[in-house]
Amino acid sequence: MVILPAAYMPSVEYVVRLLREQCVIDLGENYIKRSERNRARILSANGVMPLTVHVENGNRPRQRMRDVRIDYSKRWQHQHWVSILSAYKSSPYFDHYAEELEPFYRREWRYLVDYNMEYLQTLLRLLGAKCEVQVSEQYVEATEGDLDLRPKHNEGSTFVAEPYVQVFSDRMPFVENLSVLDLLLCEGPEAISAVLMRCQL
C-alpha cells in the first residue's frame, strides 16, 4: 500500500500512484510545514514557482492535519490565481478548465484538509480519472512493504516522469513532477493516456 498525505494541487507522481496503486490518503497525521500539504510547484516563464497556502499556527508542534486552518489574511489566493494565469493563460487547455479552477481562488475553506481534498477530486474529474480515493481519518501506521510518502524528504520513491510539451518548452528543458495542474493544462483529456499511464513507478 502507498500512504499519501493530503496535498495541495498534488504532483504528477501523486496522481499516477492514485490511478495505478492501492493508496490511502492519511488525514489523521500531524501537519508538516513547508511540505506538499500546503505547497505546490508550477512552471512560470522564469522557471519553477512554488505556491504556498498560508495556514494559521503553522509552527505549532504536533498539530493534527485535520485541525489546520487556512489563513486568509495575506491574499495568497489572489497571488496564486495571478501566477496561474501568468503561467498558463497561453496553454492549450487553460480556457477549457479555468471556470472549474477559479473557485478555488475565490471561495474560502476553513480547513486545509477540506480544501486539498475538494481540489484533488476536481482535478481527478477534469483529468477523467477513474479511481476511488481511499482516506483514513486515523493515523495510518506503515507496515513492512508499504511505501510511505508522508515524510517531507522522501527517499523511497523511484518515480520516473513521462515527458510532455510544457508551456515554455521552447526556452527551457522539461521539468518533471510539477503539480498535475501543469499536465492538465498542457495535455487536457490526453493527460492520462499520453502521460500518466506511461510514467514509471
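K.L.:
In this structure, what is going on with the overall build of the protein chain? I would like to understand it.
P.N.:
In terms of helices and strands, the protein chain carries six helices and six strands. Walking the protein chain from its N terminus toward its C terminus, one meets helices and strands in the order β-α-β-β-β-α-α-α-β-β-α-α. The C-alpha radius of gyration of the protein chain comes to 16 Å, within 12% of the 17 Å expected for a compact globule of 201 residues. Its C-alpha atoms put the protein chain at 45 × 40 × 25 Å along the principal axes. Taken over 201 residues, the protein chain has a buried fraction of 50%. Restricting to contacts in the protein chain with at least 6 residues of sequence separation, those with at least 24 account for 70%. A total accessible area of about 10,100 Å² is found for the protein chain, and carbon and sulfur atoms account for 45% of it. Seen as two clouds, the 24 positive and the 28 negative side-chain charges of the protein chain have centres 7 Å apart.

K.L.:
What am I meant to see in the nonpolar core here?
P.N.:
Soluble globular proteins tend to bury their nonpolar side chains together. In terms of nonpolar packing, the biggest core is built from 68 residues, with Met9, Ile25, Ile84, Tyr105 and Tyr115 touching the most fellow members. Counting residues per element, this core draws most heavily on helix 4 (residues 112–127), at ten residues. Once residues lying within four places of it in the same chain are set aside, the contact partners of methionine 9 are Ala40, Ile42, Leu51, Ile84, Tyr105, Tyr119, Leu123, Ser179, Val180 and Leu181.

K.L.:
So what exactly am I meant to see when it comes to the layout of surface pockets here?
P.N.:
Where empty space is left can be seen by rolling a probe of water-molecule size over the atoms. Here the largest pocket is characterised by a volume of approximately 580 Å³. Among the elements of the structure, strand 1 (2–5), helix 1 (12–20) and strand 3 (39–44) are those that each provide at least two residues to the lining of the largest pocket. Of the residues assigned to the lining of the largest pocket, the class counts are twelve nonpolar, seven polar and eight charged. There is about 200 Å³ of room inside the second largest pocket. What lines the second largest pocket is a set of 13 residues, and nearest its centre among them are Tyr31, Asn38, Thr52, Val55 and Gly58. Class assignment of the residues belonging to the lining of the second largest pocket gives a composition of three nonpolar, five polar and five charged.

What counts and what doesn't
Residues numbered from 1 in each chain as written. Predicted model: local features only at pLDDT ≥ 70, side-chain atom pairs only at ≥ 80, totals over all residues. Heavy atoms only, no water. Helix = DSSP H or I, 4+ residues; strand = E, 2+ residues; numbered from the N terminus. Rg over C-alpha atoms; globule rule 2.2 N^0.38 Å. Buried < 20%, exposed > 50% of the residue type's maximum accessible area, 1.4 Å probe, protein only. Contact = heavy atoms within 4.5 Å. Areas by Shrake-Rupley, 256 points an atom, 1.4 Å probe, with all protein chains shown as cover. Lys, Arg positive; Asp, Glu negative; His and termini not counted. Charge placed at Lys NZ, Arg CZ, Asp CG, Glu CD. Core = buried A, V, L, I, M, F, W, Y, C linked by side-chain atoms within 4.5 Å. 1 Å grid on protein atoms, 1.4 Å probe; cavity = no way out; pocket = protein on both sides within 12 Å on 5 of 7 lines; lining within 4 Å. Points joined across faces, edges and corners; volume = space filled by probe spheres on them. Nonpolar A, V, L, I, M, F, W, Y, C, P; charged D, E, K, R; others polar.

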